[in-house]
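Per-entry structural report
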Amino acid sequence: MEIRKFDNGSFIIAERISIGANFRIGADTQIRATDCVIADNVVIGAHNRFLIGQHLTIGARTILGHHNDLTARTVRIGEYVYWDSNVVVGHGGKFSPDAHLQVGSYSMICARITLNVNHSITIGEQVGIGEDVAIWTHGSYLPVLEGFPADFGPVSIGNQVWLPAKSTVLPNRRIGNHVVIGTNSLINKDLPDGCLAGGIPVRVLKENVYPSHDAARNEQLIRRIVQDYEALAAYKDLRVQLTYAPERHALRCNEVVFHLDTMKTAGAFTEVEEDFRDFLRRRGIKFYTGQAFSSILPAEYRRLLAVSPDAL
């Protein structure tokens, strides 16, 4: 076994350890795995516990928060994943042979989520899972020999899915690609690609609605985004010049051009343009430049945080 210790009390124990550049880890985090592969620019917070029987893989520029508890045979997390705090991977049956979790790139795992890996859970790319969601791969308690129900099986979630707060997914369910689900829904059936669904129990509300392409609608949305960011920039006291050229699908913030048709950028970023990039991200318009998303704290908050209690 290799042991990698850090000055803040954290450690990694594994037979094979590979850690990329600019890796940061918070205090009192313990990682145990047979294979541990962490790519470049990964951030893991404090007080986390990983017990991974086989392979742990974390992709580049992924951020994990604090007080997470992960137990599974394999955990594979893609790049640019934002994983918040107090997430549990495991629960009942977590030591089964099918205890596998895969989270695709560009996804978001919010706080206080339960991912039960009695069987495998596969989550695609660009998937958002809201706070207090539970995904179960087993459901039983009372004796089946007396006719009580039990259900066991994997859960699969496709690409570009929004599973919002306080929803529950039951075992043996598949959610397709490009699906939006209403808050506080109970997913007890498979959901087809491109649908809007919601309810307890869930039902399909609209079919074949996502993704949709409407140039006139999108031009109005971009113009509204420009107006909204101009108001935010004024509040933050930022010097910003925004222009939009719909015929070229180009959105300019100061000297940086955001090409909406290719989702590429051109120009040198400062913290102001990064703030705008993060503003677009919050509307699902995500430009991946190789840098983590970041925003500028308003001056009134910076002023308060700059004061040390020892100085008073």
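Only a predicted model underlies this, so the values are computations on that prediction, with no experimental measurement involved. (Residues numbered from 1 in each chain as written. Predicted model: local features only at pLDDT ≥ 70, side-chain atom pairs only at ≥ 80, totals over all residues. Heavy atoms only, no water.)

1. Considering the pattern of salt bridges
What counts, and what does not: Criterion for a salt bridge: a side-chain nitrogen of Lys or Arg within 4 Å of a carboxyl oxygen of Asp or Glu. In DSSP terms, a helix is any run of H or I states spanning at least four residues, a strand is any run of E spanning at least two, and both are numbered starting from the N terminus. Exposed residues in this analysis have more than 50% of their type's maximum accessible area, buried residues have under 20%, and partly exposed residues fall in between, with area computed by a 1.4 Å probe over protein chains only.
Taken as a whole and assessed by the stated rule, the structure comprises 14 salt bridges. E131 is the salt-bridge partner of R112, the closest N and O atoms lying 2.9 Å from each other. Pair noted here: R112 is in the loop between β13 (108-109) and β14 (114-116) and E131 is in the loop between β16 (127-129) and β17 (134-135), with a separation of 19 residues, a long-range link. Look at E131 and you get partly exposed, because its relative accessible area is 34%. Each of E15, R16 and D35 takes part in a single network of salt bridges with overlapping partners.

2. Section: the side chain of D35
Worth spelling out the cut-off: Contacts between residues were defined by any pair of non-hydrogen atoms, one from each residue, lying within 4.5 Å.
The residue D35 is located in strand β4 (residues 30-38) in this model. Taking relative accessible area as the criterion, D35 reaches 12% and is therefore assigned buried. Those residues within four positions of D35 in sequence are excluded, and the remaining contacts are R16, Q54, H55 and L56.

3. Concerning the layout of surface pockets
Our working definition: Any residue with an atom within 4 Å of a point lines the site, the site being either a cavity, points on a 1 Å grid over the protein atoms alone where a 1.4 Å probe fits but cannot get out, or a pocket, an open set with protein on both sides within 12 Å along at least 5 of 7 lines. Grid points are joined across faces, edges and corners, and a volume is the space filled by probe spheres set on the points. Just so you know the grouping, Ala, Val, Leu, Ile, Met, Phe, Trp, Tyr, Cys and Pro go in nonpolar, Asp, Glu, Lys and Arg go in charged, and all remaining residues, Gly too, go in polar.
What the largest pocket holds in volume is close to 1800 Å³. Along its surface, the largest pocket is lined by 45 residues, and Q160, R283, G284, I285 and K286 are the ones closest to its centre. Contributing elements (two or more residues each) for the lining of the largest pocket: β16, β21 (161-163), β24 (179-181), α1 (215-236) and α2 (271-281). The biggest single contributor to the lining of the largest pocket is α1, with eight residues. Of the residues that constitute the lining of the largest pocket, the class distribution is 26 nonpolar, ten polar and nine charged. Quantified by volume, the second largest pocket comes out at close to 180 Å³. As for the second largest pocket, its lining consists of N22, R24, N41, V43, R61, I63, G290, Q291 and A292.

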